[in-house]
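Chains, contacts and geometry: an overview
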Amino acid sequence: MSGDDLVEAIFTAWRAGRIEEIVGLFTPDAVWHFSAATKPPAIGHAAIRDFLLRYSGMSRENRLRLLRQVRQGDTIFFEAVEDFTTVQGRDVKVPYAGCITLRDGLIADWRDYFDRGLIDGQIQGTAVLPDYAMPLLDDTFPVPAPSPLPRGRWTGRRHHPDGPGPLW
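Residues numbered from 1 in each chain as written. Predicted model: local features only at pLDDT ≥ 70, side-chain atom pairs only at ≥ 80, totals over all residues. Heavy atoms only, no water.

Our focus in this paragraph is the overall build of the protein. On a plain count of helices and strands, the protein comes out with four helices and nine strands. Along the protein, helices (α) and strands (β) appear in the sequence α-α-β-β-α-β-β-β-β-β-α-β-β when read from the amino end. Across the 168 residues that make up the protein, the buried fraction comes to 37%. Counted over contacts in the protein with a minimum sequence separation of 6, partners at least 24 positions apart contribute 49%. Only carbon and sulfur atoms are counted for the fraction: they give 56% of the accessible area of the protein, which is about 10,000 Å². (Helix = DSSP H or I, 4+ residues; strand = E, 2+ residues; numbered from the N terminus. Buried < 20%, exposed > 50% of the residue type's maximum accessible area, 1.4 Å probe, protein only. Contact = heavy atoms within 4.5 Å. Areas by Shrake-Rupley, 256 points an atom, 1.4 Å probe, with all protein chains shown as cover.)

This is the structure:
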């Protein structure tokens, strides 16, 4: 399987509940930061399997959707929508992004980025996705054509044409 097909294959397997198929797409020593900075990563097949089994047990229907992806070498960056119904019948929809690094055609590193408080709140029934974020759940919103980067210095947070200045 090519790296370009890998993310969609994982999402398809997840929606179908094929946990072992997903685990088989990771290297034996893979690291999955499934909640980036808020939880310790799952390391290795056993921990990844355990996480997937626990997480899948929270839902009765998974509709995880890939919106877009970009690949450079062995790195795939993707934008997606975590979309599922909990066993309690609550709908959860959260935009998220992920970054996968491949080694020998398998996932060696996976990092997920999303609003942990929002997803936990939706699971508990105490939060909803704000209206202004609803377009992030759809891949039909317009994407501007790429443009050359403006001249100036990059501060790591905001581009300032005349050098450092106040943040937004």
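Here we take up the side chain of T85. Tracing the sequence through the fold places T85 in strand β5 (residues 75-86). For T85, a relative accessible area of 7% gives the class buried. Setting aside anything within four residues of it in sequence, one finds T85 in contact with M58, S59, R60, E61, R63, R90 and D91.

Let's shift gears to helix α4 (residues 116-124). Within α4, the full set of buried residues consists of L118, I119, G121, Q122 and I123. On the buried face of α4, the contacting elements are α3 (44-56), β5 and β6 (91-103). Where α4 begins, the capping side chain belongs to D115, and its oxygen is found 3.1 Å from the backbone nitrogen of G117. Positive backbone phi, approximately 80°, marks G125, located one or two places after α4. (Polar contact = N/O pair within 3.5 Å; in protein donor to acceptor, adjacent residues only side chain to side chain.)

Let us now look at the environment of D29. Secondary-structure assignment places D29 in strand β1 (residues 26-33). Judged by relative accessible area, D29 falls into the partly exposed class, the value being 44%. With 16 residues separating them along the chain, D29 and H45 place their C-alpha atoms 7.1 Å apart. Apart from residues no more than four positions distant in its own chain, D29 is found in contact with I43, G44 and R103. At a separation of 2.9 Å, a polar atom in the side chain of D29 contacts the side chain of T27.

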